[in-house]
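As a plain string of letters, each chain reads:
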Amino acid sequence: MQFLVIARDGTDADALSRRLATREAHLVNVKKYKEAGNIIVGGALLSAEGTMNGSALIADFPDRAALDAYLNSDPYTLNGVWQTFEVTEMKLPPV
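Small disclaimer: the values here were computed from a predicted structure and weren't measured. (Residues numbered from 1 in each chain as written. Predicted model: local features only at pLDDT ≥ 70, side-chain atom pairs only at ≥ 80, totals over all residues. Heavy atoms only, no water.)

*Asks:* Tell me about the packing of aromatic side chains, and please be specific about residues and values.
*Replies:* Taken as a whole and judged by the stated rule, the model has 5 aromatic pairs. A ring pair is formed by F61 and Y70, whose centres lie 5.6 Å apart and whose planes are at 25°; its orientation type is stacked. Across the pair, exposure class does not vary: F61 and Y70 are buried alike. Seen in terms of ring centroids, W82 and F85 are 5.8 Å apart; in terms of plane orientation they differ by 80°. Their pairing is edge-to-face. Ring-pair connections join several aromatic residues into one group, and the members of that group are Y33, F61 and Y70. (Phe/Tyr/Trp six-rings, centres within 6.5 Å; stacked < 30°, edge-to-face > 60°. Buried < 20%, exposed > 50% of the residue type's maximum accessible area, 1.4 Å probe, protein only.)

See below:
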């Protein structure tokens, strides 16, 4: 199943510093899931000022439980960067 995920960062004063401190570990984790075919595309969401304040990704997991397991194990979640998730099931067109 394919999913669109919008993950929002916290809005407290330390949110950006938590993101930057955790970014390398997050990218290592994403690379593993991308190579396995679970992450199709993803990137940072930006504020009007150009500051990273969340993430968007299109993912492919067997079911919502597997997606949730990934989201809950990502360093951004474990370190309090991602605070909320909006998840929508979707279907990409065949290429």
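*Asks:* An account of the nonpolar core is needed here, citing residue identities and associated values.
*Replies:* Formed by 15 residues in total, the largest nonpolar core has its most connected members in I39, F61, L67, Y70 and W82. Ignoring any residue separated from it by four or fewer positions in sequence, one finds L67 in contact with F3, V5, A59, F61 and V87. (Core = buried A, V, L, I, M, F, W, Y, C linked by side-chain atoms within 4.5 Å. Contact = heavy atoms within 4.5 Å.)

*Asks:* How would you explain the pattern of salt bridges if you had to name every residue and give the values?
*Replies:* In the structure shown here, the tally under the stated rule is 3 salt bridges. A salt bridge links R18 to D12; its shortest N-O distance comes to 2.9 Å. Since its relative accessible area comes to 22%, R18 is described here as partly exposed. Salt-bridge contacts for R64 lead to D68; the nearest nitrogen and oxygen are separated by 2.8 Å. Of this pair, R64 and D68 both sit in helix α2 (residues 64-73), 4 residues apart, which is roughly one turn of the helix. Residue R64 is classed as partly exposed on the basis of its relative accessible area, which comes to 40%. For D68, a relative accessible area of 27% corresponds to the partly exposed category. (Salt bridge = Lys/Arg side-chain N within 4 Å of Asp/Glu carboxyl O. Helix = DSSP H or I, 4+ residues; strand = E, 2+ residues; numbered from the N terminus.)

*Asks:* Give me the lowdown on helix α1 (residues 15-35), citing residues and values where you can.
*Replies:* With 21 residues, α1 should reach 30 Å at 1.5 Å per residue; the first-to-last C-alpha distance of 28 Å fits that figure. The sharpest bend along α1 measures roughly 50° and falls at R23. All buried positions along α1 are accounted for by A15, R19, T22, H26, N29, V30 and Y33. Each element contacted by the buried residues of α1 is listed here: β1 (2-9), β2 (39-46), β3 (52-60), α2, α3 (75-78) and β4 (82-90). Of the residues one or two after α1, G37 is the one with positive phi, at around 90°. (Expected span 1.5 Å × (residues − 1). Bend = angle between axes of the 7 residues up to and from the residue.)

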